[in-house]
Amino acid sequence: EGCPAPFATMNHLAHALLSGPDDAFRIGGMMGDFVRGAIDPALPPGIQQGIALHRAIDSFTDNHDDIRAARAAFDPPFRRYAGIFIDIWFDHLLARNFTLWSEMPLQRFSDDIVLLLQDHDALLPDSLRRFRRYLHAHDLPAAYADRGMIGEVLRGVGSRLRRDNPLAQGLPELERLEPVLMASFGRFFPQLVGYASTWRTSNLR
């Protein structure tokens, strides 16, 4: 089964981790890319907060100087899609060094995400249900640690964008920029972890 939506393989590992240990927050963090507009007030409060945190994380990321500089490092025609490349590659970097950021092993963390979504299937939008099946079929997000999977993800996302794009050919560009992106990640991600932790502390109900 192919990836069900163009935006469905961005940085879900990061969002799940940054949502913290609360299950409702984590469901909302995973749901964030699959809902648009006003947050449904019928959802449980923790899930609403998780979606809001997802959006706050995206805004923090988009406006961070290191991310802006990393986008500018991409050569045309890849630069237009630099945000997608960076999201996916940062999940790769996170997966490769997951023990630096979590006491839980990557495989267990990954399996727990899929099980959590499965256990709360009735709350999920249809697009996230399809994505959960995609995660399970491809051992994601744990498999983001595998560079070959990153190539597959790029091809899958690129095939679902409406206009022609270079995503499927992007892995060599990411490898060219690996030192730049690794340095950016090393500066940026600790700040993002701190930001998300502070946000959760301020908003946890």
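Structure: see above.
Our subject in this report is the structure included herewith. Per chain, residues are indexed from 1 in the order of the written sequence. This being a predicted model, a pLDDT of at least 70 is required before a residue's local features are given, and a value of 80 or more before pairs of side-chain atoms are given or counted; all residues contribute to the totals for chains, interfaces and linings. Neither water nor hydrogens contribute to the side-chain values; these are computed over all heavy atoms in the structure.

1. With respect to the overall build of the protein
Item 1. Helix and strand assignments follow DSSP, with helices taken as H or I runs no shorter than four residues and strands as E runs no shorter than two, numbered in order from the N terminus. When you go through the protein residue by residue, the secondary structure sums to 10 helices and zero strands.
Item 2. Counting from the amino terminus, helix and strand elements in the protein follow one another as α-α-α-α-α-α-α-α-α-α.
Item 3. Only the C-alpha atoms count toward the radius of gyration. The rule for a globule is 2.2 Å times the residue count to the power 0.38. A compact globule built from 205 residues should have a C-alpha radius of gyration of about 17 Å, and the protein, at 16 Å, falls within 12% of that.
Item 4. Considering only C-alpha atoms, the protein reaches an extent of 45 × 35 × 35 Å along its principal axes.
Item 5. Relative accessibility thresholds used throughout: buried, under 20% of the residue-type maximum; exposed, over 50%; partly exposed, between the two (1.4 Å probe, protein chains only). In the protein, which comprises 205 residues, the share counted as buried stands at 51%.
Item 6. Any two residues whose heavy atoms approach within 4.5 Å are treated as being in contact. Pairs at least 24 apart in sequence give 69% of the contacts found in the protein among residues at least 6 apart.

2. A word on empty space enclosed by the protein
Item 1. Note on definitions: the grid is 1 Å and covers protein atoms alone; a cavity is a set of points where a 1.4 Å probe fits but cannot get out; a pocket is an open set with protein on both sides within 12 Å along at least five of seven lines; lining residues have an atom within 4 Å of a point. Grid points are joined across faces, edges and corners, and a volume is the space filled by probe spheres set on the points. Tallying each qualifying case throughout the model produces one cavity of 30 Å³ or more.
Item 2. Volume-wise, the largest cavity comes out at about 90 Å³.
Item 3. In this structure, the largest cavity is lined by 13 residues; those nearest its centre are N11, D87, F90, F188 and L192.
Item 4. Residue assignment for the lining of the largest cavity shows that the elements contributing at least two residues are α1 (12–18), α3 (45–62), α5 (82–96) and α10 (178–203).
Item 5. When the residues that make up the lining of the largest cavity are grouped by side-chain class, the tally is nine nonpolar, three polar and one charged. Any residue that is not Ala, Val, Leu, Ile, Met, Phe, Trp, Tyr, Cys, Pro, Asp, Glu, Lys or Arg is counted as polar, Gly included; the first ten are nonpolar and the last four charged.

3. Structural notes on the packing of aromatic side chains
Item 1. In summary, the pairing rule links any two rings of Phe, Tyr or Trp, Trp by its six-membered ring, whose centres are within 6.5 Å, and it sorts them by plane angle into stacked for under 30 degrees, edge-to-face for over 60 and tilted for everything else. Within this structure, the stated rule accounts for 13 aromatic pairs.
Item 2. Ring geometry for F25 versus W199: centroids 6.5 Å apart, planes at 65°, classification edge-to-face. Taken together, the residues span a long stretch of sequence, with F25 in helix α2 (residues 23–31) and W199 in helix α10 at a distance of 174 residues.
Item 3. The exposure class assigned to W199 is buried, which follows from its relative accessible area of 15%.
Item 4. An aromatic cluster of three or more residues is present, and its members are F60, F90, W101, F185, F188, F189 and Y195.

4. Here we look at the packing of α2 against helix α6 (residues 106–119)
Item 1. Angular values range over 0 to 180 degrees, each being the angle between N-to-C directions of two axes fitted as lines to C-alpha atoms, with helices fitted over their stretch in contact. As a packed pair, α2 and α6 sit with axes 10 Å apart at the nearest point and diverge in direction by 90°. When the interaxial angle is binned, α2 and α6 end up roughly perpendicular. Seen from α2, the contacting residues are D23, R26, I27 and M30; seen from α6, they are F109, I113, L116 and L117.
Item 2. In terms of residue class, the contact of α2 with α6 is built from six nonpolar, no polar and two charged. These descriptions rest on fixed angle ranges, namely under 35 degrees for roughly parallel, over 145 for roughly antiparallel, 65 to 115 for roughly perpendicular, and the rest for oblique.

5. Some details on the pattern of salt bridges
Item 1. Think of a salt bridge as a Lys or Arg side-chain nitrogen and an Asp or Glu carboxyl oxygen that are within 4 Å of each other. According to the stated counting rule, one finds 12 salt bridges in the structure shown.
Item 2. Ionic pairing is found between D62 and R71, a salt bridge with its closest N-O pair at 3.3 Å.
Item 3. The exposure class of D62 is partly exposed, given its relative accessible area of 42%.
Item 4. Across the pair R132 and D121 runs a salt bridge, and its minimum N-O distance is 3.2 Å. Of this pair, R132 sits in helix α7 (residues 126–137) while D121 sits in the loop between α6 and α7, and the two are 11 residues apart along the sequence.
Item 5. According to the relative accessible area criterion, D121 is partly exposed, its value standing at 24%.

6. Quick look at the side chain of S184
Item 1. Inspection of the secondary structure assignment puts S184 in helix α10.
Item 2. In this structure S184 comes out as buried when scored by relative accessible area, which is 3%.

7. A word on the nonpolar core
Item 1. By nonpolar core we mean a set of buried residues, namely Ala, Val, Leu, Ile, Met, Phe, Trp, Tyr and Cys, connected to one another through side-chain atoms within 4.5 Å. Residues F74 and L181 are the most contacted members of the largest nonpolar core, which totals 63 residues.
Item 2. Here this core takes 10 residues from α5, the largest share from any one element.

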